[in-house]
Amino acid sequence: MELVTLAHATLNRIGSASATGMVKHTEVRRVGEVPDGSPEALRELVMTIAEEHGEPRESLQMMRQENGWHYTQQRDAVVFNIQGRNVQYSTPYAICYAHPALKIGERYFKLDEVKC
């Protein structure tokens, strides 16, 4: 049994960072362990997932963190965006959430802090 940080990542438009115009995008949702919930760790997770689905890593170098208040209702969301060369998108490239979890074997259990 160990305490870990889990990240939920939704990549809305894989393929758009390296495209030169309107192309078909892939949406991927993934949950994975990260070292911590920092924006840097979440950005690395997004880049790894995108690369696994065919997005060249070098095309993601311009991806930046944005204020996510208008994309999601969850206040602890971390939003990453990158615009295409000739296209401006209304949806962000990725939205991530991180939270502590208890890992027992291959199973995870979400932990919520109890304020006393």
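Above this text you will find the structure in question.
All residue numbers here refer to positions counted from 1 along the written sequence of the relevant chain. pLDDT decides what is reported in this predicted model: residues at 70 or higher carry local features, side-chain atom pairs at 80 or more are listed and counted, and totals for whole chains, interfaces and linings draw on all residues regardless. Where side-chain values are given, they derive from all heavy atoms of the structure, hydrogens and water being excluded.

Caption draft 1: Representation of the nonpolar core in the model. Note on terminology: a nonpolar core comprises buried Ala, Val, Leu, Ile, Met, Phe, Trp, Tyr and Cys residues joined through side-chain atoms within 4.5 Å. Note on exposure labels: buried denotes an accessible area under 20% of the residue type's maximum, exposed denotes more than 50%, and partly exposed covers the range between, all computed with a 1.4 Å probe on protein chains only. Core analysis: the largest hydrophobic core is formed by 22 residues, its most contacted members being Leu11, Val46, Met63, Phe80 and Tyr93. The way it works is that DSSP assigns letters per residue, a run of H or I at least four long becomes a helix, a run of E at least two long becomes a strand, and they are numbered from the N terminus. Of all the secondary-structure elements, those providing two or more residues to this core are strand E1 (2–14), strand E2 (26–34), helix H1 (39–52), strand E4 (78–81) and strand E5 (94–104). Top element by residues in this core is H1. It accounts for 7 residues. Every residue pair with non-hydrogen atoms within 4.5 Å of one another is taken to be in contact. With residues near it in sequence (within four places) discarded, phenylalanine 80 still touches Pro39, Leu42, Arg43, Val46, Met63, Arg64, Gln65, Pro92, Tyr93, Ala94 and Cys96.

Caption draft 2: Up close: the pairing of E4. Residues of E4 alternate between two faces, with Val78 and Phe80 on one and Val79 and Asn81 on the opposite face, all of them buried. Note that strand E3 (residues 64–66) and E4 share 3 bridges and pair antiparallel. The partner of glutamine 65 across the bridge, within E4, is phenylalanine 80. Where E4 meets E5, 3 bridges bridge the pair, whose relative direction is antiparallel. Note on E5: the bridge partner recorded for valine 78 is cysteine 96. Being paired, for any two strands, means DSSP has found at least two bridges between them.

Caption draft 3: Inspection of the environment of arginine 107 at higher detail. Take arginine 107: it is sitting in strand E6 (residues 107–110). For arginine 107, a relative accessible area of 56% puts it in the exposed group. Separated by 106 residues in sequence, arginine 107 and methionine 1 have C-alpha atoms that sit 9.8 Å apart.

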